[in-house]
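# Report on the structure
Now for the letters of each chain:
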Amino acid sequence: MNYDSFFADAIDALRKERRYRTFAEIERDARHFPRAVWHSPGGPRDIVVWCSNDYLGMGSHPDVVAAMCEAAQARGAGAGGTRNISGNSHEIVMLERELADLHGKESGLVFTSGYISNATGISTIVKLIPDCVVISDELNHNSMIEGVRHGGRQKAIFRHNDLEHLEELLKAAGDRPKLVVFESVYSMDGDIAPIGAICELAERYGAMTYLDEVHAVGMYGERGGGVAERDGVMDRVDVIEGTLGKAFGVVGGYITGKRLIIDAVRSYAPGFIFTTALPPAVAAAAAASVRHLKASQVEREGQRAQVAKVKRALAAAGLPQMDTPTHIVPVMVGDAKACKMASDLLLAEYGIYIQPINYPTVPRGTERLRITPTPFHDDALIAHLAKALTDVWERLELPYADHVAERASASSRRTALGPAPIPLPVAGG
């Protein structure tokens with residue numbers, strides 16, 4: 001039996017579909033963020049990163065770095081085990097208190113990543129609610145989709161941000177327990193959910209709500225609590241999930257909510273119970289970042305200003321950016337091969353690093369370059385970006401027409417939702 005052939009065939013299939021992923025070897029420069037060194041085939045080269053999820057540059061903030069170094073010197077490099085054995089450090093307990101306070105909740109629970117906090121948190125909550133129906137936005141992240149799948153309950157998918165469709169599904173579920181699962185900021189299209197309206201429907205039909213704020217925490221709200229804080233509806237959401245690896249600049253994920261809910265997840269979730277805890281140094285750095293962004297508006301204001309400048313520069317150049325109300329700036333290409341070629345040209349000839357976003361992250365035909373400006377992308381870097389993108393568009397003969405972005409926005413649908421959900425019976429039928 002030639003087992004290698006199975007793996008070779010799988011890789012060949014990706015190459016034929018233009019979906020084979022390559023990674024650039026990047027060495028971040030904490031002293032000059034967002035600059036970095038690319039270890040290219042021809043040797044090290046200075047570049048500028050334009051696609052980082054370290055949205056505010058907090059991974060390089062002196063207070064965050066100092067907190068990590070001090071904790072590592074005092075506590076060591078590792079966690080020592082799972083939280084249940086020897087990894088329940090003082091630092092991670094204090095981090096959970098900071099996060100609960102950030103979202104105005106009774107309790108918080110930290111996981112090793114945002115992916116795990118969603119996949120484990122959702123599946124555990126769903127399993128603990130008998131006969132639960134999970135009603136999920138069709139553009140939810142893969143981690144949420146996996147959480148719903150592993151929960152093993154009946155699911156229904158509502159059209160993206162479509163309140164009428166959501167209400168139809170809530171009505172159809174009748175008196176059964178229900179969990180509505182959705183995001184605040186959707187990371188590929190950069191749009192925002194109507195959180196308050198969703199909560200109103202959930203309350204009307206007796207459903208719980210689970211909100212993913214990973215692309216919003218640190219970024220929105222008076223203290224960085226996310227879009228729910230900005231909109232004044234945090235108290236109406238039952239469970240708020242977030243990440244420590246994006247705007248907070250470190251690593252890890254978490255959920256917050258009522259003490260009883262969080263304790264139940266802590267007690268039943270395999271992804272929590274059997275996973276080594278975050279090291280104290282990581283928890284200390286994350287807590288320092290959360291504390292800083294609760295008090296400081298400088299980073300958020302600076303980032304908003306530079307995002308607006310990038311959008312204006314791209315619009316002036318006629319590039320097909322998708323119109324978004326957030327910090328995420330998708331520039332539409334619409335072809336996997338062309339998207340990869342554009343990314344390669346930007347890196348090799350202009351020193352600009354923007355990874356191509358292809359299927360299955362986005363649907364085929366909506367391939368894009370996803371730009372995420374930070375407060376540290378100054379005006380000179382923005383001008384260089386606009387000029388480089390214009391040059392690449394001309395060289396590759398990519399379309400400038402506005403309808404490219406409009407069509408992608410209208411048709412963008414995730415394809416990783418899995419099997420079609422079982423239709424819900426009409427209440428009373």
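In what follows, the accompanying structure is described. A quick note: this is a predicted structure, and the numbers were derived from the prediction, not measured.

## Remarks on helix H2 (residues 62-75)
- Here H2 spans 19 Å end to end across 14 residues, near enough to the 20 Å set by a 1.5 Å rise per residue.
- Among all positions of H2, only Val64, Ala67 and Ala71 are buried. For H2, the arc enclosing every buried residue in end-on projection is 60°, short of the 170-degree limit, so these residues lie on one face. Exposed and facing more than 90 degrees away from the buried side of H2 are Pro62, Glu70 and Gln73.
- Packing partners of the buried residues in H2 comprise helix H11 (280-295).

## Overview of the environment of Asp189
- Relative to the elements of secondary structure, Asp189 occurs in the loop between strand E7 (178-183) and helix H7 (195-204).
- A relative accessible area of 8% means that Asp189 is categorised as buried.
- Separated by 136 residues in sequence, Asp189 and Pro325 place their C-alpha atoms 9.8 Å apart.
- Of note is the side chain of Asp189, whose polar atom sits 2.7 Å from the side chain of Arg368.

## Topic: the environment of Trp38
- With respect to the helices and strands, Trp38 occurs in strand E2 (residues 35-40).
- For Trp38, a relative accessible area of 12% gives the class buried.
- On a C-alpha basis, the gap between Trp38 and Val49 in space is 9.8 Å, while along the polypeptide they are 11 residues apart.
- Dropping the residues within four chain positions of it, Trp38 is found in contact with Ala24, Glu25, Ile26, Gly43, Pro44, Arg45, Ile47, Leu347 and Ala348.

## Brief notes about the layout of surface pockets
- Put simply, the largest pocket is a space of about 1100 Å³.
- Lining the largest pocket are 40 residues, and of these Arg21, Asn53, Gln355, Ile357 and Arg370 lie nearest its centre.
- Mapped by element, the contributors of at least two residues to the lining of the largest pocket are strand E1 (26-28), helix H4 (114-127), helix H5 (142-151), strand E9 (239-243) and strand E13 (356-357).
- Take the lining of the largest pocket: its biggest share by element is 3 residues, from H4.

## Concerning the pattern of salt bridges
- Counted under the stated rule, the structure contains 24 salt bridges.
- With a closest N to O distance of 2.7 Å, Lys294 and Glu98 form a salt bridge. On the criterion of sequence distance, the pair formed by Lys294 in helix H11 and Glu98 in helix H3 (residues 90-102) is long-range, its members being 196 residues apart.
- In this structure Lys294 comes out as buried when scored by relative accessible area, which is 12%.
- The network of salt bridges with common partners includes Glu98, Asp101, Arg223, Arg291 and Lys294.

Rules behind the numbers
Residues numbered from 1 in each chain as written. Predicted model: local features only at pLDDT ≥ 70, side-chain atom pairs only at ≥ 80, totals over all residues. Heavy atoms only, no water. Helix = DSSP H or I, 4+ residues; strand = E, 2+ residues; numbered from the N terminus. Expected span 1.5 Å × (residues − 1). Buried < 20%, exposed > 50% of the residue type's maximum accessible area, 1.4 Å probe, protein only. Arc of directions from axis to C-beta. Contact = heavy atoms within 4.5 Å. Polar contact = N/O pair within 3.5 Å; in protein donor to acceptor, adjacent residues only side chain to side chain. 1 Å grid on protein atoms, 1.4 Å probe; cavity = no way out; pocket = protein on both sides within 12 Å on 5 of 7 lines; lining within 4 Å. Points joined across faces, edges and corners; volume = space filled by probe spheres on them. Salt bridge = Lys/Arg side-chain N within 4 Å of Asp/Glu carboxyl O.

Geometric descriptors of this kind do not, in isolation, establish any biological role.
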